[in-house]
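Here is what each chain is made of, one letter per residue.
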Amino acid sequence: MTDVWEPAAVANREAAVAEAVARLTRAAQDHTPCAPVRDLLGRADISLAYAVQQRVIGDRIAAGARVVGRKIGCTSEAVQRQVGVDRPDFGVLLDDMDVSGLPAVPSDRLLQPRVEAEIAFVLAADLDDDDLDIERVRAAVGHAVAALEIVDSRVADWDIAITDTVADNASSGLFVLGRERVDLKEFEPRDVTMRLYADGALASEGSGAACLGDPLAALLWLARTAREFGDPLRAGQVVLSGALGPLVPTPPGITVRAEMSGLGSVTATFSHHFSPKEQG
């Protein structure tokens, strides 16, 4: 599938963006999943979907949130099959999405979460050059850590096409970073093996090669795409590079642990707390 506009399907683009933003925002505020937004945006108008994402993120920044990085979504074929899309996308990481320092992941902030194990890159240099390549991207990485991305969807039942997930900030939720910082001289991201355990039972496994062939290739894709959008990656930002294996549901009370060769492990326990709507 190619990225195309659908001007006939979306006659009033500004109105479509405004309504999609309102629908997703209400879902988050009311803690109630909403209908897909592809009825407003079309199924393939990626630029329109990113316009919604930018508006949603802009509203959160205006309310006090701070950008700390990006996430790359749908890099694994297994995950693409699980959520029904056929290409990678990206979202924005905000400071209040980082729950690494909390004793438990707050389940009451989530709607229908799933977890995936990833390699997180922390940048030591900007990636705003015109001639970005894999070696330039590698040199920009300060260190890597094992990470858990808790993906979530404001769209009911994860009924998403690519425009739904892009508009919904690439189905972002929260994230947890491991404590062990590793230099790229000490390991090769594409060779990493991963096992993800849920309450002690093996629930997902994969490798760095499952992430667009190489997590650094995913980072290069994001760096070029972010630069084209006029908002390049900057030093100090965290990049969640994409899933190394299939997604795993995370109901309240569950503990998940990802073990990654060369990177150590990262663990998260989900709180038992439900929101009032979930309890009903």
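Preceding block: the structure.
This write-up is about the structure you can find in this document. Only a predicted model underlies this, so the values are computations on that prediction, with no experimental measurement involved.

### Re the overall build of the protein
Secondary structure assignment for the protein yields eight helices and 11 strands. Burial statistics for the protein: of 280 residues in total, 54% are counted as buried. Long-range contacts, defined here as pairs at least 24 residues apart, represent 76% of the contacts in the protein between residues at least 6 apart. As displayed, the protein offers around 11900 Å² of accessible surface, 50% of which is attributable to carbon and sulfur atoms.

### Digging into the packing of aromatic side chains
Applying the stated criterion to the full structure yields three aromatic pairs. When the ring of Tyr-50 is compared with that of Phe-90, the centres are 4.7 Å apart and the planes differ by 20°; the resulting orientation is stacked. Separated by 40 residues along the polypeptide, Tyr-50 in helix 3 (residues 46-62) and Phe-90 in strand 2 (residues 89-94) bring together distant segments of the chain. Summarising the aromatic geometry, the rings of Tyr-50 and Phe-229 are spaced 4.9 Å apart at their centres and angled 65° between planes, so their arrangement reads as edge-to-face. With a gap of 179 residues between them, Tyr-50 in helix 3 and Phe-229 in the loop between helix 7 (215-228) and strand 8 (238-243) connect regions that are remote in the sequence.

### Quick word on helix 3
When the terminal C-alpha atoms of helix 3 are compared, their 24 Å separation across 17 residues agrees well with the 24 Å that a helix rising 1.5 Å per residue should span. Of the surrounding elements, those touching the buried residues of helix 3 are helix 1 (13-30), helix 2 (38-41), strand 2 and helix 6 (162-167). Looking one or two places after helix 3, you find Gly-64, whose phi comes out positive at around 120°.

### Here we look at the pairing of strand 7 (residues 201-207)
Bridging between strand 6 (residues 193-198) and strand 7 involves six bridges; their strand directions are antiparallel. In the strand pairing of strand 7, Tyr-197 is matched with Leu-202. Hairpin connection, strand 6 to strand 7: the antiparallel pair is bridged by two residues, and Asp-199 has positive phi, about 50°.

### Section: the packing of helix 1 against helix 3
Close contact between helix 1 and helix 3 brings their axes to 9 Å; oriented N to C, the two are set at 50°. One finds that helix 1 runs oblique with respect to helix 3. Taken as a pair, helix 1 and helix 3 cross one another with a handedness that is right-handed. On helix 3, the residues touching Arg-13, Glu-14, Ala-16, Val-17, Ala-20, Val-21 and Leu-24 of helix 1 are Ser-47, Leu-48, Ala-51, Val-52, Arg-55, Val-56 and Asp-59. Classifying every residue of the contact of helix 1 with helix 3 gives nine nonpolar, one polar and four charged.

### Let's talk about the sheet that holds strand 6
Spatially, the four strands line up as an open sheet ordered 7-6-10-11, and their pairing is antiparallel. The sheet terminates laterally at strand 7 and strand 11 (264-269), the two strands that pair on one side only. Direction aside, neighbouring strands of the sheet carry axes that sit 15° apart on average.

### Thoughts on the environment of Ala-22
Relative to the assigned elements, Ala-22 resides in helix 1. Distance in space between the C-alpha atoms of Ala-22 and Val-56 is 8.8 Å, their sequence separation being 34 residues.

### Some remarks on the pattern of salt bridges
Tallying each qualifying case throughout the model produces 19 salt bridges. One continuous salt-bridge network, built from bridges that share partners, spans Arg-138, Glu-188, Arg-190 and Asp-214.

### Here's the deal with the environment of Ala-170
Mapped onto the elements of the fold, Ala-170 is located in the loop between helix 6 and strand 5 (174-177). Using a relative accessible area of 5% as the deciding quantity, one classes Ala-170 as buried. Between the C-alpha atoms of Ala-170 and Asp-89, which are 81 residues apart in sequence, the distance is 6.5 Å. Excluding residues that lie within four positions of it along the chain, Ala-170 makes contacts with Gln-53, Lys-71, Asp-89, Phe-90, Gly-91 and Thr-165.

### Re the side chain of Asp-89
Tracing the backbone shows Asp-89 in strand 2. Among buried charged residues, Asp-89 stands out as having no salt bridge; its nearest opposite-charge side chain is Lys-71, 5.8 Å away. Those residues in contact with Asp-89, other than ones at most four positions away along the chain, are Tyr-50, Lys-71, Ile-72, Gly-73, Cys-74, Ile-162, Thr-165, Val-166, Ala-170 and Trp-221.

### Looking at a negative patch on the surface
The grouping of Asp-130, Asp-131, Asp-133 and Glu-135 at the surface amounts to a negative patch. Take Asp-133: it is sitting in the loop between strand 3 (114-123) and helix 5 (134-140). Classification of Asp-133 by relative accessible area gives partly exposed; the value is 36%.

About the cut-offs
- Residues numbered from 1 in each chain as written.
- Predicted model: local features only at pLDDT ≥ 70, side-chain atom pairs only at ≥ 80, totals over all residues.
- Heavy atoms only, no water.
- Helix = DSSP H or I, 4+ residues; strand = E, 2+ residues; numbered from the N terminus.
- Buried < 20%, exposed > 50% of the residue type's maximum accessible area, 1.4 Å probe, protein only.
- Contact = heavy atoms within 4.5 Å.
- Areas by Shrake-Rupley, 256 points an atom, 1.4 Å probe, with all protein chains shown as cover.
- Phe/Tyr/Trp six-rings, centres within 6.5 Å; stacked < 30°, edge-to-face > 60°.
- Expected span 1.5 Å × (residues − 1).
- Pairing = 2+ DSSP bridges.
- Axes fitted to C-alpha atoms, helices over the stretch in contact; angles between N-to-C directions.
- Parallel < 35°, antiparallel > 145°, perpendicular 65-115°, else oblique.
- Left-handed = near helix turned anticlockwise from the far one by under 90°.
- Nonpolar A, V, L, I, M, F, W, Y, C, P; charged D, E, K, R; others polar.
- Salt bridge = Lys/Arg side-chain N within 4 Å of Asp/Glu carboxyl O.
- Lys, Arg positive; Asp, Glu negative; His and termini not counted.
- Patch = residues over 30% accessible without salt bridge, like charges linked within 9 Å, V, L, I, M, F, W, Y side chains within 5 Å.
- Charge placed at Lys NZ, Arg CZ, Asp CG, Glu CD.

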